[in-house]
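# Breakdown of the fold
Here is how the chains run, residue by residue.
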Amino acid sequence: DTAVSQTPKYLVTQMGNDKSIKCEQNLGHDTMYWYKQDSKKFLKIMFSYNNKELIINETVPNRFSPKSPDKAHLNLHINSLELGDSAVYFCASSQDPAGRNEQFFGPGTRLTVL
Amino acid sequence: AQSVAQPEDQVNVAEGNPLTVKCTYSVSGNPYLFWYVQYPNRGLQFLLKYITGDNLVKGSYGFEAEFNKSQTSFHLKKPSALVSDSALYFCAVRDADTGGFKTIFGAGTRLFVKA
């Protein structure tokens, strides 16, 4: 009965490869997010979708492309991976985008680019 | 613009003593304020929030926080710390009026509770 799940948990890959991370929430929330947490634990918003529509698109290289096939899923595809992409990526969801409701986070995907 | 500051990288406290983790914020409008906790190799977990109403907010695991508008602060407190409280704590803020859809997270404060 996991609320927000991500796959895979660990991802080790070579520079230049393309990879995807999947996220699913079973909370019935309308809004989903992708965050990047760097080695110093700083957490930065990357994207957010509300009802499958993109509502936040931070200054992220266009090698990163989110896709939301439905309200319960938000996937992250990364092209031409670089060393600097190594980080932990968290998916999160909330009831709505208005900000009054807390976010529920997935367990994270640790991406290591060699 | 909205921002949040956690002035301490690390807080050390002995088990049984009270703990405080500090947070100050800056917003143009009214703030929505949150505290989250992150245990090693886990995602963030919600602890408590201030949206409106009483300035003292109670949350999970015995934590509470006080919203102080004049000092633009939202410090996290617990009367008696447990070793199991050792974790990374994040304060977060959303400007309810002008912040759009973005919640800004602080840099985090690592709490060490010594037995």
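In what follows, the structure referred to is the one given above.
Residues numbered from 1 in each chain as written. Chains lettered and ligands numbered in written order. Predicted model: local features only at pLDDT ≥ 70, side-chain atom pairs only at ≥ 80, totals over all residues. Heavy atoms only, no water.

### Examining the interface of chain A and chain B
Rule in force here: By definition, residues are in contact when any of their heavy atoms lie within 4.5 Å. Once two parts are joined, some of their accessible surface, as seen by a 1.4 Å probe, is lost; buried area is that loss totalled over both. Any Lys or Arg side-chain nitrogen found within 4 Å of a carboxyl oxygen on Asp or Glu counts as a salt bridge. Polar contact is the term for a pair of N or O atoms within 3.5 Å; when the atoms are in protein, one must be able to donate a hydrogen and the other to accept it, and sequence-neighboring residues count only if both atoms are side-chain atoms. Per the convention used, a helix needs a DSSP run of H or I reaching at least four residues, while a strand needs a run of E reaching at least two, with both numbered from the N terminus. Gly is placed with the polar residues, together with every amino acid not listed as nonpolar (Ala, Val, Leu, Ile, Met, Phe, Trp, Tyr, Cys and Pro) or charged (Asp, Glu, Lys and Arg).
The interface of chain A with chain B comprises 23 residues on the first partner and 20 residues on the second. Buried area between chain A and chain B, both sides added, is near 1900 Å², and the carbon and sulfur share of it is 55%. Between chain A and chain B we count two salt bridges in total. Among the ionic pairs, lysine 49 of chain B bridges to glutamate 102 of chain A, the shortest N-O distance being 2.9 Å. Counting the contacts that link chain A with chain B gives six residue pairs in polar contact (both at pLDDT 80 or more). Counting residues per element, the ones that place at least two in the side of chain A that touches chain B are β4 (31–37), β5 (43–50) and β6 (53–57) of chain A. Considering each element in turn, the side of chain A that touches chain B owes the most residues, three residues, to β4 of chain A. Its residues placed into classes, the side of chain A that touches chain B shows twelve nonpolar, five polar and six charged.

### Brief notes about the packing of aromatic side chains
The following threshold applies: Here a pair means two rings of Phe, Tyr or Trp (six-membered ring of Trp) with centres within 6.5 Å. Their orientation is stacked below 30 degrees between planes, edge-to-face above 60, and tilted elsewhere. The classification of residues rests on relative accessible area computed with a 1.4 Å probe and restricted to protein chains. Under 20% of the type maximum is buried, over 50% is exposed, and intermediate values are partly exposed.
The tally for this structure, following the rule as stated, stands at 13 aromatic pairs over all chains. Measuring from centroid to centroid gives 5.4 Å for tyrosine 35 of chain A and phenylalanine 105 of chain B, while their planes differ by 85°, and the two rings are edge-to-face. A residue pair is termed interchain when its members come from two chains, as with tyrosine 35 of chain A in strand β4 and phenylalanine 105 of chain B in strand β11 (residues 104–105). Under the relative-accessibility criterion, tyrosine 35 of chain A is labelled buried at 1%. With relative accessibility at 3%, the residue phenylalanine 105 of chain B sits in the buried group. Taking 5.6 Å as the distance between ring centres and 45° as the angle between the ring planes, the aromatic pair formed by tyrosine 36 of chain B and phenylalanine 105 of chain B counts as tilted.

### Let's talk about the sheet that holds strand β7 (residues 64–70) of chain A
Residues and elements named next belong to chain A. Here is the rule we go by: Here the rule is simple: two strands pair whenever DSSP picks up at least two bridges between them. Only the stretch in contact is used when fitting a helix axis, every axis being a line fitted to C-alpha atoms; angles between N-to-C directions are given from 0 to 180 degrees.
If you walk across this open sheet you meet the four strands as β1-β3-β8-β7, and the pairing is antiparallel. Only two strands of the sheet have a single neighbouring strand rather than two, namely β1 (4–7) and β7. Here the average twist between neighbouring strands, direction ignored, is 20°. In this structure, strand β3 (residues 19–25) lies alongside strand β8 (residues 73–78), joined through four bridges in antiparallel fashion. Bridge pairing links isoleucine 21 to leucine 76 in β8.

### Digging into empty space enclosed by the protein
Definition in use: Cavities and pockets are found on a 1 Å grid laid over the protein atoms alone: a cavity is a set of points where a 1.4 Å probe fits but cannot escape, a pocket is an open set with protein on both sides within 12 Å along at least five of seven lines, and a lining residue has an atom within 4 Å of such a point. Grid points are joined across faces, edges and corners, and a volume is the space filled by probe spheres set on the points.
Under the definition given, this model contains one cavity of 30 Å³ or more. The volume enclosed by the largest cavity comes to roughly 40 Å³. Considering the residues around the largest cavity, the lining is formed by Tyr33, Ser94, Asp96, Gly99, Asn101 and Gln103 of chain A together with Phe34, Tyr36, Arg94 and Thr103 of chain B. Class assignment of the residues belonging to the lining of the largest cavity gives a composition of three nonpolar, five polar and two charged.

### Some points on unusual backbone geometry
The amide bond that connects threonine 7 of chain A to the next residue, proline 8 of chain A, takes the cis arrangement and shows omega of -5°. Even without being a glycine, asparagine 51 of chain A presents a positive backbone phi close to 50°. Within the secondary structure layout, asparagine 51 of chain A lies in the loop between β5 and β6. Since its relative accessible area comes to 37%, asparagine 51 of chain A is described here as partly exposed. Even without being glycine, asparagine 41 of chain B reaches a positive phi, approximately 60°.

### Focus on the pairing of β5 of chain A
Two faces make up the sheet, and in a regular strand the side chains alternate between them. All names here are of chain A. Burial within β5 is extensive, with seven of its eight residues counted as buried. Pairing geometry for β4 and β5, over seven bridges, is antiparallel. Each residue of the ladder has a partner; that of methionine 32, found in β5, is tyrosine 49. Between β4 and β5, which follow one another and run antiparallel, lie five residues, and lysine 41 among them has a positive phi close to 75°. As defined by bridge partners, β5 adjoins β6 across four bridges and the pair is classed as antiparallel. If you follow tyrosine 49 over to β6, its bridge partner there is leucine 54. Connecting β5 to the antiparallel partner β6 that follows it, the hairpin turn spans two residues, and asparagine 51 within it adopts a positive phi of roughly 50°.

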